[in-house]
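Here are the chains, one letter per residue:
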Amino acid sequence: MTMARIGVYGLGTMGSALALNLAENGISVAVSNRETDWIADFIAEAGPLAAQLHPHDRLEDFVAGLALPRVILFMIPSGAPMDAMIETVASMLAPGDTIIDAGNADFHDTRRRAAALAGRDLHFVGMGVSGGEAGARHGPSMMVGGSKHSWKQLRPILDAIAARHEGDPCVDHLGPDGAGHFVKTVHNGIEYADMQAIAEIYGLMRHGAALPPAEIGGIFAEWDRGPLQSYLTGITAEMLQYADPHTGHPVVDVILDSAGQKGTGRWTVVEAVRLGQSANTIEAAVGARSWSSEKHVRMAAEAVLGGTRGVFDPGPTALGEALLAARILAHSQGFRILAAASQEYDWTLDFARIAEIWRAGCIIRSALLDDIARAFRGGAPEGQLILAPDVAETLARAVLALREVVAGAVVAGHAVPVLSAALAWYDTMRQGFGTANVIQAQRDTFGRHGFERLDTPGRHHGPWWD
Ligand code: 6PG
């Protein structure tokens, strides 16, 4: 029996796409799935790639069909199903074998699983895979955690299937245990913020300037040829051109304005707060999705509060610059969360490398990431992206537009939660002297918590306690 180089268990959308990508790159793949009828269907549809695919209905046969040291990639629902699978398969494995969880998993689970399996000389790798079905099939960005032992085995396989940016495979080992899954989580947090900023800019053109979706799509297409080039900019440009085949209306106008969310954006916010970080652009995006799901409440509220949105048309140049500023600020917040986690979990994350492997394959791929990678390679002061000279210079210009757009949008009654959060954070960070002195005075007044002074070391209380 041919011993496959890697096993893929879970032939859903992402698992089957990854298996075909592996096979297309000449890698022999054992495949299996809980619902065994999916296996035969998958092989039947694989065409000539079936020659590299070795189907197994039974998990025992699937494991037995793998070359040593075994590598099994699971693409199954995170949480309890992954724990149950580990429980079942671990006893079939030998020391030095690797289990990869390629789903969107909570990195705390990944750390726990890696520690538990290390005790049995088994390696557990949490791997973030980004790019959706097309990415998995033709080249994802992959964020790999786990041991160096596993990475040594995985690197040639993953290099072969990864997306490439100017020949550079968009995959790397980012750190031990949960580092890979955490970086993917923050990738998704940035994704949420970018998607919401795009939606807000779209909303200003649609409801403030009364432009038709197709014309707005043309503006996004123009932006996609400049500093705003990105996967999300591009797909927005494309989808705004479509008419609904049933009504003839722009398809975006017939889609219910209630956003789904599987939860990775929310995880990012939770971890940011746990780490003492604030990523208000990401929180604003998660909040906006939650508020959008309250469609009935908003319909009732419009009847009571009035839904007037005034005319506001700052023009495509200002809107584009505002979107660029918001994108930079959201990424900056994402990297601050990564920095906090890297310190907390002793991961020594390489932010330039993370930006580099996001340049192709993943959902947030963009021209901006090249600038971000260069900024981090060049040494961002205090590790802060917004203080890197080139980034600070771009922001100084683009924030002028962000300020004009947020001010005009707010006055005209348009909701811009991410754009306004980005501006609020920027304005906070650029003030050497803020207003938290008032917070400290209040806390000392009601709780005698004490405060530090600007002019004298030590802990002090206000004269109200004399
Ligand atoms: C990716 C995407 C993907 C995401 C789904 C659903 O990087 O390929 O981020 O992993 O989880 O597209 O995302 P939401 O339901 O959270 O929007």
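On a predicted model such as this, the values are computed, not experimentally measured, just so you know. Residue positions are given per chain, counting from 1 as you read along its sequence in written order. Residues qualify for local features only when their pLDDT is at least 70, as the model is predicted, and side-chain atom pairs are given and counted only at 80 or more; totals for whole chains, interfaces and linings, by contrast, use all residues. Computation of side-chain values covers all heavy atoms of the structure but excludes hydrogens and water.

Novice: What should I look at first to understand the overall build of the protein in this one?
Specialist: Secondary structure elements are defined from DSSP: runs of H or I of at least 4 residues count as helices, runs of E of at least 2 residues count as strands, and each element is numbered from the N terminus. The secondary structure content of the protein amounts to 20 helices and 10 strands. Only C-alpha atoms enter the radius of gyration; for comparison, a globular chain is expected to reach 2.2 Å times N to the power 0.38, where N is the number of residues. Relative to a compact globule of 466 residues, whose C-alpha radius of gyration would be 23 Å, the protein shows 25 Å and is just as compact. C-alpha extents for the protein along the principal axes are approximately 80 × 65 × 45 Å. For the exposure calls, accessible area comes from a 1.4 Å probe over protein chains only, and a residue counts as buried if that area is under 20% of its type's maximum, exposed if over 50%, partly exposed in between. Looking at the 466 residues of the protein, the share that counts as buried comes to 53%. It only takes one pair of heavy atoms within 4.5 Å for two residues to be counted as in contact. Put simply, 69% of the contacts in the protein that link residues at least 6 apart link residues at least 24 apart. Values of accessible area rely on a 1.4 Å probe in the Shrake-Rupley scheme; residue burial ignores everything except the protein chains shown. Total accessible area on the protein stands at roughly 21,000 Å², and carbon and sulfur atoms take up 56% of it. The positive charge centre, built from 37 side chains, and the negative charge centre, built from 52, are 3 Å apart in the protein. Only four residue types enter the tally: Lys and Arg on the positive side, Asp and Glu on the negative side; His and the chain ends are excluded. Throughout, a charge is located at the NZ atom of Lys, the CZ atom of Arg, the CG atom of Asp or the CD atom of Glu.

Novice: Just to check I follow, could you spell out the pattern of salt bridges for this structure?
Specialist: Any two side chains of opposite charge can pair, given that their charged atoms come close. Here, a salt bridge means any Lys or Arg side-chain nitrogen found within 4 Å of an Asp or Glu carboxyl oxygen. Following the criterion strictly, the structure yields 29 salt bridges and no others. Note that E271 and R274 form a salt bridge whose closest N and O atoms lie 2.6 Å from each other. Of the two residues, E271 and R274 are both situated in helix α12 (residues 264-274); the distance of 3 residues between them amounts to about one turn of the helix. Judged by relative accessible area, E271 falls into the buried class, the value being 5%. Here the residues in one salt-bridge network are D168, D172, R353, E356, R359, D370, D371, R374 and R377, joined through shared partners.

Novice: What am I meant to see in the sheet that holds strand β5 (residues 98-101) here?
Specialist: As a general point, the strands of a sheet are linked pairwise by backbone hydrogen bonds and lie either parallel or antiparallel. Reading across the sheet, the 8 strands line up as β3-β2-β1-β4-β5-β6-β7-β10 and stay open at both edges, with mixed pairing between neighbours. Looking at strand neighbours, the two that pair on one side only are β3 (53-55) and β10 (171-173), the edges of this open sheet. When strand polarity is set aside, the average angle formed by the axes of neighbouring strands in this sheet is 25 degrees. Helix α7 (residues 148-161) rests against β1 (6-9), β4 (71-74), β5, β6 (123-130), β7 (141-144) and β10 of the sheet, and its axis sits at about 175 degrees to β10. What makes two strands pair is DSSP finding at least two bridges between them. Inter-axis angles, ranging from 0 to 180 degrees, are taken between N-to-C directions of lines fitted to C-alpha atoms, where helices are fitted over the stretch in contact.

Novice: Looking at this structure, how should I read the packing of helix α8 (residues 179-208) against helix α10 (residues 231-239)?
Specialist: Describing two packed helices takes the angle between their axes plus the distance from one axis to the other. Between α8 and α10, the least distance of the axes is 10 Å, while the angle of their chain directions is 40 degrees. By the criterion of interaxial angle, the relationship of α8 to α10 is oblique. Considering the relative orientation of α8 and α10, their crossing is right-handed. Residues E191, D194, M195 and I198 of α8 lie in contact with α10, whose contacting residues are L232, T233 and T236. Here the term charged refers only to Asp, Glu, Lys and Arg, the term nonpolar to Ala, Val, Leu, Ile, Met, Phe, Trp, Tyr, Cys and Pro, and the term polar to all other amino acids, Gly among them. Within the contact of α8 with α10, the residues separate by chemical class into 3 nonpolar, 2 polar and 2 charged. Every angle not falling under 35 degrees, over 145, or within 65 to 115 is termed oblique; those three ranges are roughly parallel, roughly antiparallel and roughly perpendicular. Helix crossings get a hand from a simple test, with the near helix turned counterclockwise from the far one by less than a right angle marking a left-handed crossing and a clockwise turn marking a right-handed one.

Novice: What am I meant to see in the packing of helix α15 (residues 316-345) against helix α19 (residues 417-429) here?
Specialist: Orientation of α15 relative to α19, taken along the N-to-C sense of each, is 65 degrees, at an axis distance of 9 Å. The orientation of α15 relative to α19 falls into the category roughly perpendicular. Where α15 crosses over α19, the two elements pack in a sense that is left-handed. Between α15 and α19, the contacting residues are A322, A326, L329, S332, Q333 and R336 on the first element and L419, A422, W425, Y426 and M429 on the second. Partitioning the contact of α15 with α19 into residue classes produces 8 nonpolar, 2 polar and 1 charged.

Novice: Sorry if this is basic, but what is going on with the domain arrangement of the protein here?
Specialist: As a measure of interface size, the accessible area lost when the parts come together is often cited. In this entry, domain limits derive from an automatic or database-based domain assignment. Taken as a whole, the protein is organised into domain 1 (6-177), domain 2 (185-429) and domain 3 (437-465). Centre-to-centre separation of domain 1 and domain 3, based on C-alpha positions: 55 Å.

Novice: Could you clarify how one ought to interpret the environment of L232 in this entry?
Specialist: Along the chain, the position of L232 falls in helix α10. Looking at L232, the relative accessible area reads 4%, which means it is buried. A C-alpha to C-alpha distance of 38 Å links L232 and A116, two positions 116 residues apart in sequence. For L232, the contacting residues outside a window of four places in its chain are E191, D194, M195, I198 and I363.

Novice: Looking at this structure, I do not really get α8. What am I missing?
Specialist: Helical periodicity: at 3.6 residues per turn, an α-helix aligns residues three or four positions apart in one direction. Across its 30 residues, α8 extends 42 Å between first and last C-alpha, which sits within 8% of the 44 Å expected from 1.5 Å per residue. In terms of burial, α8 is a largely internal element, 26 of the 30 residues being buried. Immediately beyond the C-terminal end of α8, within one or two residues, lies A210, with a positive phi of roughly 55 degrees. Under the convention used throughout, the expected extent of a helix is 1.5 Å for every residue step, that is, one less than its residue count.

Novice: It is not clear to me how the site of the ligand should be interpreted in this structure. Could you clarify?
Specialist: Being near a molecule or strand, for a residue, means having at least one of its heavy atoms within 4 Å of it. Taken together, the neighbourhood of the ligand is formed by 15 residues, with S130, K184, E191, Y192 and R289 sitting nearest. Polar contacts, as used here, are pairs of N or O atoms within 3.5 Å; protein pairs need one atom able to donate a hydrogen and one able to accept it. Residues neighboring in sequence count only if both atoms are side-chain atoms. Within the contact set of the ligand, an oxygen atom lies 3.0 Å away from a side-chain nitrogen or oxygen of N188. Taking Y192, its side chain carries an N or O atom lying 2.5 Å from an oxygen atom of the ligand. For the ligand, the accessible surface in isolation is 410 Å², of which the surrounding protein chains cover 79%. With 5 residues, α8 is the single largest residue contributor to the shell around the ligand. Classifying every residue of the shell around the ligand gives 2 nonpolar, 9 polar and 4 charged. Each of domain 1 (6-177) and domain 2 (185-429) gives at least three residues to the shell around the ligand.

Novice: Before we go on, may I ask you to explain the side chain of H54 in this structure?
Specialist: Mapped onto the secondary structure, H54 falls in strand β3. For H54, a relative accessible area of 18% corresponds to the buried category. When sequence neighbours within four positions are dropped, the list of residues in contact with H54 reads T2, A4, S28, V29, A30 and V31.

Novice: It is not clear to me how the packing of aromatic side chains should be interpreted in this structure. Could you clarify?
Specialist: Remark: the centre distance and the inter-plane angle together describe each pair of aromatic rings, the angle taken between the planes. Any pair of Phe, Tyr and Trp rings, taking the six-membered ring for Trp, is counted once the centres come within 6.5 Å. Such a pair is stacked with planes under 30 degrees apart, edge-to-face with planes over 60 apart, and tilted for the rest. Using the criterion set out here, one finds 12 aromatic pairs in the structure. Centroid distance F220 to W223: 4.9 Å. Interplanar angle 75 degrees. Geometry classified as edge-to-face. Placement of both F220 and W223 in helix α9 (residues 213-223) is noted, with a separation of 3 residues, approximately one turn of the helix. Accessibility classification places F220 together with W223 in one group, the buried group. Taken together, the ring pairs in this structure connect F107, F182, Y345 and W347 into an aromatic cluster. Only Lys NZ and Arg CZ are tested; either one counts as a charge over a ring when it is within 6 Å of the ring centre and within 35 degrees of the ring normal. One residue, R448, lies across the ring of W465, its end atom 4.0 Å from the ring centre.

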